[in-house]
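Chain by chain, the residues:
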Amino acid sequence: MASGFPSTVAALAAGLERGDFSSVELTEHYLARIRALNPELNCYITVCEDGARAQARAADERRAMGEAGVLTGIPYANKDIFCTAGVRTSCGSRMLDNFVPPYTATAVERLHEAGMVMLGKANMDEFAMGSSNETSFYGPARNPWRPDCVPGGSSGGSAAAVAARLAPAATGTDTGGSIRQPASFCGVSGLKPTYGRVSRWGMIAFASSLDQGGPMALTAEDLALLLGAMSGFDSRDSTSVDCVPEDFSRLLGAPLAGLKLGLPKEFLDGRLAPELGATLEEARRVYESLGAECREISLPNSGLAIPAYYIVASAECSSNLSRYDGVRFGHRCDQPADLLDLYTRSRAEGFGAEVKRRILVGTYALSAGYYEAYYGKAQKLRRLIQRDFQAAFGEVDAILGPTSPSVAFGLGQKTDDPVSMYLADIYTTAVNLAGLPGLSIPAGFVDGLPVGMQLIGNYFDEARLLGIAHRFQQATDWHRRVPALADKV
Ligand code: GLN
């Protein structure tokens, strides 16, 4: 970028602190980039020009009074699943196309208390169901590396916005990979925290036992700053974990000598494209040169993650989405004949095909006589998967593997085959079923498209995970590459 503004949150924070530029100037810079590139990339469903300017002015005033924190005045994009008071929150669905929440999600409230500036609401798969952004009512966001390819999903708008430098950071949510997989497809960094680390209050529910919000940015260093601001106990979320606040940057400089990294043999089989296996092999060499010891481990039940995930996620979504009935908020059909017609037509019109498919599968799996055979069984598999990870963490400090079996695929390539789309979540869903933290960072390129690698840690071990990722980013420059399209403006 010819602008002279640095790209990372850490560098922008230093620039604001030195007075190289104001938050108002920085915000105008991003708004201009959004005007130039969003028509092509469709990363944002809603752009908040006036709101962003007002927050930027407030941030500059706060700095002038000597009350700025490290994130004060830094712009960012919010996945359109996080409720924002007074700003439409669509969740990528026609059902919520007219929904303006009266309250703000806790995680967002915390970013705003830190002084961050919301540029807009990022595109996403409808109700976060998808891996390509193509289920969005607003049309798919596009991959800035190749606009005829998907950005991944469901947090595809967030990932594409960060990759195209239409925001230095973004929020995402990850139920089965929706932060890590789009980060991988767009060549950015994304962290799914331990379940319970980031409040789910005000984050529109998909599958409550799996959903977790987290940050997306260019570097692990930036993820640490953002996680620090968005995480923490919230009494309004019954699964929020009350842990001591911590500095997630504290292990960024930690040496890797003696670190034990496990590579699951089940992740390195025929499903992974060979070029991606080679990328991972190269990452392993980087870690070994930094003093880590890499060894093969086994997660014997990981092949069960996809069936378990798609039962649990569909079952929970069928229950969560029953609230959209056309009565209190959201889409309501025209002139309903009676109450039943109101329910059925509002839902038929408001939901897209993928959401309906999940509701049907989930309702079936939860129905009397089938509950034990499907949901009950899936919960048992979930426990086996969790035990595999616990056994692995007895042997190694963290797990290294692929994020996705392929690089970004073409728009439309998988839309007619939902099962092939589901199967591609093979490396990410087990982490959600177990509630563990996992991140994806850029590790190479294949055919001009970014490849991500995944690091999985034990519960609440985000600081170490970020440190391991940061060391890799000090030794490589994959995360510094800029898509040609983003350089144009
Ligand atoms: N691709 C997965 C799904 O479609 C994951 C989605 C997510 O993490 N929100 O369910």
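For the structure itself, consult the block above.
Quick caveat, the model's predicted, so the values are computed rather than measured. (Residues numbered from 1 in each chain as written. Predicted model: local features only at pLDDT ≥ 70, side-chain atom pairs only at ≥ 80, totals over all residues. Heavy atoms only, no water.)

Judged by which residues are buried, strand S5 (residues 189-192) turns out to be covered on both faces: Ser189 and Leu191 on one side and Gly190 and Lys192 on the other are all buried. Relative to strand S6 (residues 213-217), S5 runs antiparallel, the two sharing two bridges. If you follow glycine 190 over to S6, its bridge partner there is methionine 216. Relative to strand S10 (residues 438-446), S5 is paired through three bridges, and the arrangement is antiparallel. The residue of S10 that forms the bridge with leucine 191 is leucine 439. (Buried < 20%, exposed > 50% of the residue type's maximum accessible area, 1.4 Å probe, protein only. Helix = DSSP H or I, 4+ residues; strand = E, 2+ residues; numbered from the N terminus. Pairing = 2+ DSSP bridges.)

A few words now on the nonpolar core. Considering soluble globular proteins, one finds that nonpolar side chains tend to be buried as a cluster. Counting 147 residues, the largest nonpolar core has Phe127, Tyr287 and Phe389 as the members making the most contacts within it. If you tally residues by element for this core, the top one is helix H9 (residues 305-320), at 10 residues. Not counting residues within four places of it along the chain, the set of residues in contact with phenylalanine 389 comprises Leu299, Ile399, Ala430, Val431, Ala434, Leu436 and Ile456. (Core = buried A, V, L, I, M, F, W, Y, C linked by side-chain atoms within 4.5 Å. Contact = heavy atoms within 4.5 Å.)

What follows is about the state of the cysteines. In total, this model carries zero disulfides according to the counting rule given. Free of any disulfide, cysteine 91 has its nearest cysteine sulfur in cysteine 83, 8.2 Å distant. Looking at cysteine 91, the relative accessible area reads 1%, which means it is buried. (Disulfide = S-S within 2.5 Å.)

This brings us to empty space enclosed by the protein. Take a probe with the size of a water molecule and roll it over the atoms, and the empty space left behind shows itself. The tally for this structure, following the rule as stated, stands at three cavities of 30 Å³ or more. In terms of residue class, the lining of the largest cavity is made up of five nonpolar, eight polar and two charged. Along the walls of the second largest cavity sit Leu272, Leu276, Thr279, Leu280, Pro402, Ser404, Val451, Gly452 and Met453, which together make up its complete lining. Counting only elements with at least two residues in the lining of the second largest cavity, the list comes to helix H8 (274-289) and strand S11 (449-457). Residue classes in the lining of the second largest cavity are distributed as six nonpolar, three polar and no charged. (1 Å grid on protein atoms, 1.4 Å probe; cavity = no way out; pocket = protein on both sides within 12 Å on 5 of 7 lines; lining within 4 Å. Points joined across faces, edges and corners; volume = space filled by probe spheres on them. Nonpolar A, V, L, I, M, F, W, Y, C, P; charged D, E, K, R; others polar.)

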